[in-house]
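Architecture at a glance
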Amino acid sequence: MGRKGLLCMDGYQLRRPVRGKTRSSWKILACSSTISPSVLKLQYLSYLDLSENYFNGSRIPEFIGSLKNLTHLDLSHANFGGPIPSQLGNLSKLETLYLGDGVSDSLLDNNMNFHNKFPKLFSVGNLEWLSHLTSLKDLDLSFTNLSKASDWFQVVNQLPFLENLAMRECDLPSAISSSVSLVNSSTSLTDLYLSGNYLTASAIYPWLFNVNSNLEFLDLSRNHLKGPIPESFEIWFI
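Please read these numbers as outputs of a predicted model, since none were measured by experiment.

Conventions we followed
Residues numbered from 1 in each chain as written. Predicted model: local features only at pLDDT ≥ 70, side-chain atom pairs only at ≥ 80, totals over all residues. Heavy atoms only, no water. Helix = DSSP H or I, 4+ residues; strand = E, 2+ residues; numbered from the N terminus. Buried < 20%, exposed > 50% of the residue type's maximum accessible area, 1.4 Å probe, protein only. Contact = heavy atoms within 4.5 Å. Areas by Shrake-Rupley, 256 points an atom, 1.4 Å probe, with all protein chains shown as cover. pLDDT = per-residue confidence, 0-100. Pairing = 2+ DSSP bridges. Core = buried A, V, L, I, M, F, W, Y, C linked by side-chain atoms within 4.5 Å.

The next thing to look at is the overall build of the protein. Secondary structure summary: the protein contains 5 helices and 13 strands in total. Buried residues in the protein amount to 48% of all 238 residues. The contacts in the protein between residues at least 6 apart in sequence include a share of 64% that link residues at least 24 apart. Summing over all exposed atoms, the protein offers an accessible surface of approximately 11,800 Å²; the carbon and sulfur share of this is 50%.

If you want it as structure tokens, here you go:
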């Protein structure tokens, strides 16, 4: 072990991250472009941070779904690519899941065409696996290609403790209004980021109507919203 708090294992280093975290919490500093299954040796791992690494577009390892004690998983800004493995749906204890990538809102605001040039590293056919993560409180899927995830409304509704949801620049498909009325929307959301998805008012407003009582922050910028703002949303600036 080269430095205090660091553990080298199969070509990469593990470091305890945030102060106050336990011995089951690690920040991985990759020394190569892959993650070895030997990370499974950390059987009591609850906090895993792989962010700010460079995995050269490789896929998220399916075996991460075997770390059943994880409550926090951060794979953001790590240059993973390809489809998100459905095995992540096995992490039933997860409270925080960060898969988001991309650029800042300020850069997008200053260059409205930039989002068309920025590649989306992840893709998802459907989000059914996400519905199994019923302990989630924080979820970031920003800059993931969700254009085929027509079930995203329904899946979010099945996450009873979800407080913070970020789906910025995800190419979200608009939901059919009749299908939205068949499900009960989550009422736990306090912060919701849906900017840059070309959503229409008829698609998003019926769903938001049932979640807005507890919302503290709502971002619907860079969408295709037309017509009057519903009275129930009058406290926000969109």
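The next point concerns the side chain of Thr 190. Relative to the elements of secondary structure, Thr 190 occurs in the loop between helix 4 (177-180) and strand 12 (191-193). Judged by its relative accessible area of 17%, Thr 190 is buried.

This brings us to the confidence of the model for the protein. Of all residues in the protein, 66% attain a pLDDT of 70 or more, and the chain-wide mean is 76. Segment residues 104-112 is flagged for pLDDT under 50; beyond a separation of four residues in sequence, or across chains, it makes 15 contacts in the model. Note that residues 177-184 has pLDDT below 50 and, in this model, 10 contacts with residues that lie over four places away or in other chains.

Right, let's get into the sheet that holds strand 8 (residues 122-123). Pairing within the open sheet is parallel, and its 3 strands lie in the order 6-8-10. Looking at which strands have only one partner, the edges of the open sheet turn out to be strand 6 (82-83) and strand 10 (144-145). Sheet analysis places strand 8 next to strand 10, joined by 2 bridges and oriented parallel. Looking across to strand 10, one finds that Ser 123 is bridged to Asn 145.

All right, on to the nonpolar core then. Counting residues in each nonpolar core, the largest one holds 55 residues, and the members touching the most others are Ile 64, Leu 127, Leu 130, Trp 152 and Met 167. Elements that contribute at least two residues to this core include exactly helix 3 (152-157) and helix 5 (201-209). Sort the elements by how many residues they give to this core and helix 5 lands first, with 5 residues. Setting aside chain neighbours within four positions, we find Leu 127 in contact with Leu 141, Leu 146, Ala 149, Asp 151, Trp 152, Val 155 and Met 167.

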